Amino acid sequence: LLTMAIISSYWFFIASPLTVEVISAVSVSPGEATTILNASGYLVAQRRAAVASKGTGRLVELKVREGDRVKKGDIIARLESADVEAALAGAKAGLNEARALKDQAETELNEAALNHGRKKGLFESGLVSKAEFETAEARYLRARASSDSYRAGIKAAEARVRAAEVDIENTIILAPFDGTILTKNAEVGEVVAPFGSSTLARVAVVTMADLASIQVEADVSESNIEKIYAGQQCRIVLDAYPGLKYEGIVQTIVPTVDRAKATILTKIRFLKQDDRVLPEMSARVTFMSETSGKGDEKPRVAVHPGAVILRGDKKVAFLVDGDRVREISVEVGNPLESLVEIKKGLSPGDRVVLSPPDGLASGKKIRIKPDG
């Protein structure tokens, strides 16, 4: 009976092979950055504006449409301006009138000043009475006050002209910066007003953004924020273009925590612009570690993390030796993209079992999957 049990055990543990998948350890160059954290987020233009009018009026011209690129100061739209142009004409007429009155007042002031000078000399010589001299002096003082008043009137009239000119300027809606028109919010014939003062009035005429300012805004758990720093290298993959990888860097770590989500907002800038990158696209961000320094020239060994398991209190892998396996202890380092660094135990090219089953042990016979 004992002999039969030994034979059965041999057949089960040694003779019967296990079918396993096998992979190879690889060498990773020291200049490659490693993945330390992944996050998801959305593309947001950092310079974005809902362009509105400072004045109220009917939209009579809209010079742009969605997708148009504009430069700072370009005319986007015009409002009707007949009323403010009439106000400007009235203000200019008032300014001309004030200037004419000032000229008249200065003429009277010159005449009063000459008369006052003559009367003063005659009074000092005793040739005219004091009352006559005081009358000339009072006339001179009134003329001087009148001249000062008309000078002030000119300044007030100039201010009214400037105010009317500003009102006309407010009927012209200009691009506040270089950018691209995203949406039209009003059409010709509609009334636009600042702050939407009427329920029937539009506030924004267009929405525009500087596409060169697009960044990925991604939330990072506060427990992982220590791994992130400004200037950190990142890789960006957009859900719209899963086959493309964009290089980026961490531009900003917003210095506040979202208490509800326990996350911190990070902003990642693209290193190269692409016209296909649009606001509100969803994105996945891979935060990378620093690349190795110049003194670290030795390649690192890496393997799929599924090849390393915990047996007891040590991490092991199963090295393939012909049609059998050998259990070896390994020392694991940092993640390397989708792999993990092996500091000790494996060499590049070593074939190991992926996802070792529980019954696998040193000396066990294996059968490799055809696609392994």
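Structure's up top.
Note that the coordinates shown come from a computational prediction; the quantities given were computed from them, not determined experimentally. (Residues numbered from 1 in each chain as written. Predicted model: local features only at pLDDT ≥ 70, side-chain atom pairs only at ≥ 80, totals over all residues. Heavy atoms only, no water.)

Side note on the pairing of strand S9 (residues 179-184)
Phase 1: Where strand S6 (residues 69-70) and S9 come together, 2 bridges link them in antiparallel fashion. In the sheet register, Arg-69 faces S9, and the bridge partner there is Thr-180.
Phase 2: Examined bridge by bridge, S9 and strand S11 (residues 204-209) share 4 bridges and lie antiparallel to one another. Directly across from Thr-180, in S11, lies its bridge partner Ala-209. (Pairing = 2+ DSSP bridges. Helix = DSSP H or I, 4+ residues; strand = E, 2+ residues; numbered from the N terminus.)

Topic: the packing of aromatic side chains
Phase 1: The tally for this structure, following the rule as stated, stands at 1 aromatic pair.
Phase 2: Aromatic pair Tyr-246 and Phe-270: ring centres 5.6 Å apart, planes at 80°, arrangement edge-to-face. Highlighted residues: Tyr-246 in strand S14 (residues 241-258) and Phe-270 in strand S15 (residues 263-270), separated in sequence by 24 residues.
Phase 3: Exposure remark for Tyr-246: the relative accessible area of 9% places this residue in the buried category.
Phase 4: The positively charged end of Arg-276 is found above the aromatic ring belonging to Tyr-241, 5.4 Å away from the centroid. (Phe/Tyr/Trp six-rings, centres within 6.5 Å; stacked < 30°, edge-to-face > 60°. Buried < 20%, exposed > 50% of the residue type's maximum accessible area, 1.4 Å probe, protein only. Lys NZ or Arg CZ within 6 Å of the ring centre and 35° of its normal.)

Section: the pairing of strand S17 (residues 300-303)
Phase 1: Burial of the side chains of S17 extends over both faces: Arg-300 and Ala-302 are buried on one face and Val-301 and Val-303 on the other.
Phase 2: The pairing of strand S2 (residues 26-28) with S17 spans 3 bridges and is classified as antiparallel. Pairing of Val-28 across the sheet is with Arg-300, part of S17.
Phase 3: One ladder, built from 3 bridges, connects S17 with strand S22 (residues 339-344); its direction is antiparallel. When the bridges of S22 are listed, Val-303 appears paired with Val-340.

What to know about the pattern of salt bridges
Phase 1: Summed over the entire model, instances satisfying the criterion amount to 20 salt bridges.
Phase 2: Across the salt bridge formed by Glu-134 and Lys-130, the nearest N and O atoms sit 4.0 Å from each other. One end of the pair, Glu-134, and the other, Lys-130, are both in helix H3 (residues 130-169), 4 residues apart, so they sit about a helical turn from each other.
Phase 3: In this structure Glu-134 comes out as partly exposed when scored by relative accessible area, which is 40%.
Phase 4: A relative accessible area of 52% places Lys-130 in the exposed class.
Phase 5: Here Lys-267 makes a salt bridge to Glu-217, at a shortest N to O gap of 3.8 Å. Of the two residues, Lys-267 sits in strand S15 while Glu-217 sits in strand S12 (residues 214-221), which places them 50 residues apart along the sequence.
Phase 6: Relative accessible area serves as the criterion here: at 19%, Lys-267 is assigned to the buried category. (Salt bridge = Lys/Arg side-chain N within 4 Å of Asp/Glu carboxyl O.)

Quick notes on the side chain of Thr-171
Phase 1: Relative to the helices and strands, Thr-171 resides in the loop between H3 and strand S8 (172-174).
Phase 2: Classification of Thr-171 by relative accessible area gives buried; the value is 9%.
Phase 3: For Thr-171, the side chain forms a polar contact with the main-chain oxygen of Ile-168, separated by 2.5 Å.
Phase 4: If we ignore the near neighbours within four places in the chain, the residues touching Thr-171 are Ala-77, Arg-78, Leu-79, Glu-80, Ser-81 and Val-84. (Polar contact = N/O pair within 3.5 Å; in protein donor to acceptor, adjacent residues only side chain to side chain. Contact = heavy atoms within 4.5 Å.)

Details of a negative patch on the surface
Phase 1: Side chains of Glu-80, Asp-83, Glu-85 and Asp-167 sit close together on the surface and give a patch of like negative charge.
Phase 2: Mapped onto the secondary structure, Asp-167 falls in helix H3.
Phase 3: On the accessibility criterion, Asp-167 (39% relative accessible area) is partly exposed. (Patch = residues over 30% accessible without salt bridge, like charges linked within 9 Å, V, L, I, M, F, W, Y side chains within 5 Å. Areas by Shrake-Rupley, 256 points an atom, 1.4 Å probe, with all protein chains shown as cover. Lys, Arg positive; Asp, Glu negative; His and termini not counted. Charge placed at Lys NZ, Arg CZ, Asp CG, Glu CD.)

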